[in-house]
Every structure is written in C-alpha cells, then in structure tokens.
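Observations on chain architecture
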Amino acid sequence: MTVSQPSAVEVGLMAGRAGYVLRANDRGRFTVASPTLYPHMWSWDAGFVALGIATVSVPRALDELRTLLTGQWATGMIPHILFHSPSDYFPGPERWRTQVAAARPLEVLTSGICQPPIHVIALSRILHDARRRGGTDQQLAEDFVRETFDQWLAWHQYLATARDPYSYGLVEIHHGWESGMDDSPRWDVPYANVHPQPDMPPFVRADLAHVADPSQRPSDAEYARYLWLLEQKVRVRYDDAAYRSTGDFVVGDVLVSALLAAASDLLADMGEELGIGGGSSGGVEQSRAIARRFRTGVLRSVDPDTGLARDLDLRTGNWLEVESAAGFAPLLCGGDEAVTRRQRDLLLGPRWCGHSRLRWPVVPSVSPASADFRERTYWRGPQWPVLNWLMAWALNRSGEQEAANQLRLAGLSQLIDCDFAEYYEPVTGETLGSRDQSWTAAIALDFLAARRPAQRRPVRWLTSELPRITPAQRAAHQAAQHQRAAGHRPAHGHGPATRPQPQQRPG
Ligand code: 2M8
C-alpha cells in the first residue's frame, strides 16, 4: 500500500490546527463535542478527546475523564451527554427529564442513556504514554487510575448486569444513540418496530440549523422514533428492567460488547500492574470475567458466511444481517486467531478499505459493496475517523503493525485539509456534518503522535487561530492530489498523501 507520508509542513499545520480546535472547544474541565452542533460533553467523544489531548497535556486529558465521571449514575452508568450549561441543543435536559430517576447524579444534568465504553481503552493508552514520559505525568496518570478504578469497574459492571441480565454476552442497548451509530442500517429492522404514539410531546429539531444540507442528518421520521424511545425511558423512570419489558427497541450490540470486553481486559491489566483490585473476588478478576463473557458473545455472533459479527434483535431473537463496520467487533476484542485473520483480510480487502471507489482507504461505516450503502448519509456509509482509529488500534493490538500503520497513514491523509469534520464522504473525500469536531482533531493528534514512536513529540497548543484553509486552497490541494494519484508524482515523493491504486493494496 502506498499512501505517502505527509510532508513536514503538512504535519506541522495539522498538528497546530488540531491543537487549536481542541483548545477552542475546551470549556475549562471538559471539551464540547463540536462548537455549535454538539455544544456539550458526549461520553464516547470524551474518551477519544482525552487520548488526543494526552499527546499535549496528560493532566488536562485526565481532567476530561474526571469530569465525565462526575456524571456517573448510582447504577454505574456513564450517561451519553453531560449538560453543563444551557444551549439550543435538542433534546436537552428538559426533554430527558432525568429528575424522575433516583440514580441520576446531583451535581450535573445528564441524558438518561449511555454510549460505547471506550473510556478505559483511552485511559490505558494515556497511562502507557505517561509512563513512557515518566516524571509527573506518570505519577498523575497512575494516581488517577488508583483513584478511579472502582468507578470504571462500576461502569463496566452496569453494562454486564443491567444490560445483560441473562448473560448472553451481548450488551443490550435501548436506543440507537447508545450504539454511537445513530441511524446505521444496523437498526433499520428494530426501528421498524418503534411506533411513536400521539401522546408524545411535540418537538422542533435544532440540529438542522447547524449543517449545510439536512440530508446529512437523520430524517424527521427517524427523529420521531428516537424521541419516542426517550419518552419510553422517561415513563419507566429510567429503570432498565422495566424498560426491557415495555420498550420498543432492545438489541444486543456487538460493537459495544467488543469494546466492553477489550476495556475490561485493559482495566484488569492496569489493576494488576498497579496492585489494585486483587483477590479472587476483586476488581481484576471481575473484569477478566466480564471480558471473557463478552468476547465469547461477540465471537458467537460471527456469521460463518460473511465473517462479520452481527447484532441480535432481542425482541425477535433474530440476528441483524448488515454489512456495517460494527461487524469488525471481533477484531477489537480478539479471542480467536482464525477469526482475527479473516477479519483483517476482510477489512483491508475489496469490500471494505480496499474498495475501488473509496477516496481514502479507511473504513467506511457501511461497506460500499452493500445495498445499504449511502455515501452522504451520516452512519449509512460515510467514514468516521474514530472508527478508523478503532480499527488501527485493534490491528496494532493483534500484532498487525504494518496494516495498522497503513490505516493511520491513510487516516492522516484524509484529515490533511484540516477541516476536522464530523465525518467524510467516502467516494469524493468531501467533509460533511459539523466542522471542528473535537474527536476528529483528537484522532489527528493521536495519529500524528503515533507515526513513529521514536519521533513522538508533544504538540504545542496554539493561542491564536491559524489561518483557515480557503476553498480555493483546498481545491488546489485536491487537484494536486488527483494529479499525483494519476501518476504525476513530484521528483522527491514528499507532499500530500495520495490514494493508492487498488492493486497496490494488501488483502
Ligand atoms: C451523534 O449523536 C448525537 C446524539 O447522541 C446527535 O446526533 O445529536 C453521533 O455521531 C454520536 O456517536 C456522537 O457521539 C455525537 C456527538 O459527536 O453525535
């Protein structure tokens, strides 16, 4: 695979602007997911944001996670949004009405559902880096793990009990938003059974005002279903068992399950290293047991024909057959070398990253070869840098360093225009959704820091805005990229990364 290294100038510009975006979205002790569309702290965004910030400041990264934990419910659940101040975001706290729930935190308003458990994966990476730097960073990170170990364990235990009461080994989600992949075709079948009732309070969407084109967001019909599920949660006072017997949407989510398995193993590793949670019924053993159960559940969901993992509709007992990136869940949690190898080949092959129509060879949210693929519609096809990060992380963890580096490099190339968009049109490379999205900037920083371990260097925050790249500059940049892709490479081979030719890709 021949995506070329970004030049030193591009690296500098990207690092500077990514740092600026995170700084601009910083509200003191937490980071908003994006400046206008998502002006609050989102749970899994915060995990990615923390690992990006850690390349610059370990203490500030730890603060991000510390703030997130202030929203933890007495059940252990980490809610999907923490609302620190009023905004026009809809649905806001007045719609979530979490005051009906005894388990809500008192110090901050939150939503009443959760998101994928990425946090301990981020924390373990932060700890690893902090140790490499040594000194105060290492001390702070280790103290933080000691201080918060039980809270992370409680979060994982919540998912493993309240959300898997029958020990299927799949985390049950009660809303498509809990998957993080809101309108993914993964949920089309279960959402067909969600019927908003006339007594649902009326609503006015705020999100459409913040994007250039409404078709980049879920439809009104989809939103009505999202809000109906929210209503159902409020009506049972956010009691998971009560929702399970009355709610319309109950699905075993493979990606959430794989992340829980991976995160639980990492929590156990950290506990062992730091001498926390020992003993036969301690946190380390509990974490290992959670990891085993959910890894087994994920592996059991693999379709022998496609090699992809499947979600389970717990209302009907049917597997959900969709070619979405969540199908690579087993790559994230491991456990079966043959499955891992097959998934690696699939991921890099022609139905996924190696698909000939892709502008950049990074994972799309849905396979371009699938009938469900929509190149501009949110989680129905576009590329999300955080998914690419997860795939690169998983490959690296399973010993596929070369493949992981290729995904990182391609991911960096995709971000080189420094828009740090929410997501990317996979065929043209166009930036879509929100701009200056925190987790995208964070991924850029992490990818930059990981290019060559020996070259890891902290990126300095900028105190003033770098000039934005103008549409004319971007067009010139893209034209140059196309020219290079067509074979007119500059004599010294440096410069913006170029899209590889299909036959040059592995897999
Ligand atoms: C999107 O979800 C929110 C609802 O949670 C929305 O559309 O309003 C998703 O992409 C989700 O995964 C992400 O965490 C959130 C903030 O970036 O936006």
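Predicted, not measured: the structure shown is a model, and the values here were computed from it.

Parameters at a glance
- Residues numbered from 1 in each chain as written.
- Predicted model: local features only at pLDDT ≥ 70, side-chain atom pairs only at ≥ 80, totals over all residues.
- Heavy atoms only, no water.
- Near = heavy atom within 4 Å.
- Polar contact = N/O pair within 3.5 Å; in protein donor to acceptor, adjacent residues only side chain to side chain.
- Nonpolar A, V, L, I, M, F, W, Y, C, P; charged D, E, K, R; others polar.
- Phe/Tyr/Trp six-rings, centres within 6.5 Å; stacked < 30°, edge-to-face > 60°.
- Helix = DSSP H or I, 4+ residues; strand = E, 2+ residues; numbered from the N terminus.
- Buried < 20%, exposed > 50% of the residue type's maximum accessible area, 1.4 Å probe, protein only.
- Lys NZ or Arg CZ within 6 Å of the ring centre and 35° of its normal.
- Axes fitted to C-alpha atoms, helices over the stretch in contact; angles between N-to-C directions.
- Left-handed = near helix turned anticlockwise from the far one by under 90°.
- Contact = heavy atoms within 4.5 Å.
- Pairing = 2+ DSSP bridges.
- pLDDT = per-residue confidence, 0-100.
- Salt bridge = Lys/Arg side-chain N within 4 Å of Asp/Glu carboxyl O.

**Some words on the site of the ligand**
- Taken together, 17 residues form the shell around the ligand, and within it Asp 45, Tyr 89, Gly 180, Asp 182 and Arg 217 come nearest.
- One of the side-chain N or O atoms of Trp 42 is found 3.0 Å from an oxygen atom in the ligand.
- Note that an oxygen atom of the ligand is positioned 2.9 Å from one of the side-chain N or O atoms of Arg 217.
- For the shell around the ligand, the residue count by class is ten nonpolar, four polar and three charged.

**Re the packing of aromatic side chains**
- This structure, assessed with the given rule, holds 24 aromatic pairs.
- When the centroid spacing of 6.2 Å and the interplanar angle of 45° are considered together, the rings of Trp 96 and Trp 177 count as tilted. Placement of the pair is Trp 96 in helix H4 (residues 93-96) and Trp 177 in the loop between strand S4 (171-173) and helix H7 (188-191), with a sequence separation of 81 residues.
- A relative accessible area of 0% means that Trp 96 is categorised as buried.
- A relative accessible area of 4% means that Trp 177 is categorised as buried.
- A ring pair is formed by Tyr 191 and Tyr 226, whose centres lie 5.6 Å apart and whose planes are at 55°; its orientation type is tilted. Residue Tyr 191 is located in helix H7, and its partner Tyr 226 is located in helix H8 (residues 220-235); the two are separated by 35 residues in the primary sequence.
- Among the aromatic residues, ring-to-ring pairing joins Trp 44, Phe 48, Tyr 378, Trp 379, Trp 384, Trp 389, Trp 393, Tyr 423 and Trp 439 into one connected group.
- Lying across the ring of Tyr 223, Arg 205 places its NZ or CZ 3.9 Å from the centre.
- Across from the ring centre of Trp 360, 4.2 Å away, lies the NZ or CZ of Arg 359, which sits over that ring.

**Regarding the packing of helix H5 (residues 119-133) against helix H10 (residues 254-274)**
- Running from N to C, H5 and H10 cross one another at 40°; their axes reach a closest spacing of 8 Å. Both H5 and H10 take part in a crossing whose hand is left-handed. Contacts from Val 120, Ile 121, Leu 123, Ser 124, Leu 127 and Arg 131 of H5 reach H10 at Leu 259, Ala 262, Ala 263, Leu 266, Leu 267, Met 270, Glu 273 and Leu 274.
- Taken together, the residues of the contact of H5 with H10 break down into eleven nonpolar, one polar and two charged.

**A look at the sheet that holds strand S2 (residues 81-83)**
- In space, the three strands of this open sheet follow the order S1-S2-S3, with antiparallel pairing throughout. Each edge of the open sheet carries a strand with a single partner, namely strand S1 (41-42) and strand S3 (109-110).
- Where S1 lies against S2, two bridges are found, and the strand directions are antiparallel. Considered in S2, the bridge of Trp 42 is made with Ile 81.

**Some remarks on the side chain of Arg 295**
- If you trace the backbone, Arg 295 turns up in helix H11 (residues 283-300).
- Residue classification places Arg 295 among the buried residues on the basis of a relative accessible area of 17%.
- A polar contact is formed between the side chain of Arg 295 and the backbone oxygen of Cys 333, at a distance of 2.9 Å.
- The contacts of Arg 295, once residues within four sequence positions are left out, are Ala 261, Asp 265, Cys 333, Gly 334 and Gly 335.

**What about the confidence of the model for the chain?**
- Summary statistics for the chain give a mean pLDDT of 90 and a share of 89% for residues scoring 70 or more.
- A low-confidence stretch, residues 454-467 stays under pLDDT 50, and its non-local contacts, those more than four residues away or across chains, total 24 contacts.
- Note on residues 488-507: pLDDT is under 50 here. Beyond four places in sequence and across chains, it has 59 contacts.

**What about the pattern of salt bridges?**
- Enumeration over the complete set of coordinates arrives at 40 salt bridges.
- Two residues, Asp 26 and Arg 60, come together in a salt bridge whose shortest N-O distance is 3.0 Å. Pair noted here: Asp 26 is in the loop between helix H1 (8-24) and S1 and Arg 60 is in helix H3 (residues 58-69), with a separation of 34 residues, a long-range link.
- Residue Arg 60 is classed as buried on the basis of its relative accessible area, which comes to 10%.
- Measuring nitrogen to oxygen at the nearest pair gives 3.3 Å for the salt bridge that ties Asp 137 to Arg 133.
- Of the residues examined, Arg 133 reaches a relative accessible area of 37% and is grouped as partly exposed.
- By sharing partners, the salt bridges in this structure join Asp 265, Asp 269, Glu 272, Arg 288 and Arg 295 into a single network.

**What about unusual backbone geometry?**
- With an omega dihedral of 0°, the bond running from Phe 90 to Pro 91 counts as a cis peptide bond.
- One non-glycine residue, Phe 420, adopts positive backbone phi at about 50°.
- Turning to its location among the elements, Phe 420 is positioned in the loop between helix H15 (401-414) and strand S8 (423-424).

**Looking at the environment of Phe 149**
- In this structure, Phe 149 sits in helix H6 (residues 135-161).
- Owing to a relative accessible area of 1%, Phe 149 belongs among the buried residues under this scheme.
- Each C-alpha atom, one on Phe 149 and one on Gly 277, is 8.2 Å from the other, the two residues being 128 residues apart in sequence.
- Setting aside anything within four residues of it in sequence, one finds Phe 149 in contact with Leu 267, Gly 271, Ile 276, Gly 277, Gly 283 and Val 284.

**Notes on the sheet that holds strand S5 (residues 251-253)**
- The strand order S4-S5-S6-S7 describes an open sheet built from four strands, whose pairing is antiparallel. The open sheet has two edge strands with one neighbour each: S4 and strand S7 (318-320). Between one strand axis and the next, the sheet turns by 35° as a mean value, whatever way the strands run.
- Here strand S6 (residues 311-313) pairs with S7 via three bridges, running antiparallel. For Asp 313, the partnering residue across the bridge sits in S7 and is Asn 318.

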